[in-house]
Amino acid sequence: MKTTQPFLSDVKELRRQARQNIEKGAVTKAYQGDVKQTIEILQAVLATEIVCVLRYTMNAVVAAGLSSQSVKEEFDEHAKEEQDHMRRVAERINQLGGTPNFNPEGLASRSASEYTQGANLVEMIKENLIAERIACAHYEELIRFFADKDPSTRVMMESILVNEEEHANDMHDLLVAHEGKPPIQN
């Protein structure tokens, strides 16, 4: 069965449209999302990542105890990875024509996760696990939201989610090791 519409757009038409709307940068006619809404959502993701960088960094600095060195190193590694997420989200906001909001004023209210300080090593691990679980659940929702409307943002969020799930698993393993309890069974 022969179709009358080609699978790919006419190259000449793509070229014409690219020249016609050059001021829109990376946002093309094929973009199906709401750019303003996407930027607002990503500003909240950016705030979440900034809070995670701050929390993990603080934990890496103040963690104390007999077995704290390896945990400090894990916190430090996670802080660096969260900083990479922060940068990627900020870059995406910029690609969409927005200005990433790094203003510390109102940061906590824009973030999905909280900036909490644990009183000891186990409490720090728990708070980080909670924050990672929040990020995972939130990012899973966003991936479904962006779906085919904004594949670039969706793919970025999928990549970040994989790393957040690794962080949650790391925190769970540390919690099990430091509390001496068996892993949680599903």
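For the structure given in this document, a descriptive report is provided here. Every value quoted in this text rests on a predicted model; they were computed, and no experiment measured them.

1. Regarding the overall build of the protein
No. 1: Of regular secondary structure, the protein possesses six helices and zero strands.
No. 2: Counted from the first residue to the last, the protein has its helices and strands arranged as α-α-α-α-α-α.
No. 3: When the 186 residues of the protein are sorted by exposure, 39% land in the buried category.
No. 4: Within the protein, contacts between residues at least 6 apart in sequence are counted, and of these 79% link residues at least 24 apart.
No. 5: Per element, the accessible surface of the protein, about 11500 Å² overall, is 53% carbon and sulfur.

2. What about the packing of helix α3 (residues 68-95) against helix α6 (residues 151-179)?
No. 1: Viewed as axis vectors pointing N to C, α3 and α6 meet at an angle of 165°, and their least axial separation amounts to 11 Å. Between α3 and α6, the angle is such that the two are roughly antiparallel. As for how α3 packs across α6, the hand of that crossing is left-handed. Between α3 and α6, the residues in contact are V71, E74, F75, H78, E81, E82, H85, R88, V89 and R92 and S152, T153, M156, S159, I160, N163, E164, H167, D170, M171, L174 and H178, respectively.
No. 2: For the contact of α3 with α6, the residue count by class is seven nonpolar, eight polar and seven charged.

3. A closer look at the side chain of R110
No. 1: Note on placement: R110 falls in helix α4 (residues 107-110).
No. 2: Although R110 is buried, it makes no salt bridge; E105 carries the closest opposite charge, 7.9 Å away.
No. 3: At 2.8 Å, the side chain of R110 forms a polar contact with the backbone oxygen of E105.
No. 4: Those residues in contact with R110 that lie beyond four places of it in its chain are A44, A47, N101, N103 and E105.

4. Describing the packing of aromatic side chains
No. 1: In this structure the tally under the stated criterion is two aromatic pairs.
No. 2: Between Y56 and F75, the ring centres sit 6.1 Å apart and the planes meet at 45°, which makes this aromatic pair tilted. Taken together, the positions of Y56 in helix α2 (residues 35-62) and F75 in helix α3 put the pair 19 residues apart, joining distant regions of the chain. With respect to burial, Y56 and F75 carry one shared label: buried.
No. 3: Lying across the ring of Y56, R55 places its NZ or CZ 5.4 Å from the centre.
No. 4: The positively charged end of K149 is found above the aromatic ring belonging to F145, 3.7 Å away from the centroid.

About the cut-offs
- Residues numbered from 1 in each chain as written.
- Predicted model: local features only at pLDDT ≥ 70, side-chain atom pairs only at ≥ 80, totals over all residues.
- Heavy atoms only, no water.
- Helix = DSSP H or I, 4+ residues; strand = E, 2+ residues; numbered from the N terminus.
- Buried < 20%, exposed > 50% of the residue type's maximum accessible area, 1.4 Å probe, protein only.
- Contact = heavy atoms within 4.5 Å.
- Areas by Shrake-Rupley, 256 points an atom, 1.4 Å probe, with all protein chains shown as cover.
- Axes fitted to C-alpha atoms, helices over the stretch in contact; angles between N-to-C directions.
- Parallel < 35°, antiparallel > 145°, perpendicular 65-115°, else oblique.
- Left-handed = near helix turned anticlockwise from the far one by under 90°.
- Nonpolar A, V, L, I, M, F, W, Y, C, P; charged D, E, K, R; others polar.
- Lys, Arg positive; Asp, Glu negative; His and termini not counted.
- Salt bridge = Lys/Arg side-chain N within 4 Å of Asp/Glu carboxyl O.
- Polar contact = N/O pair within 3.5 Å; in protein donor to acceptor, adjacent residues only side chain to side chain.
- Phe/Tyr/Trp six-rings, centres within 6.5 Å; stacked < 30°, edge-to-face > 60°.
- Lys NZ or Arg CZ within 6 Å of the ring centre and 35° of its normal.

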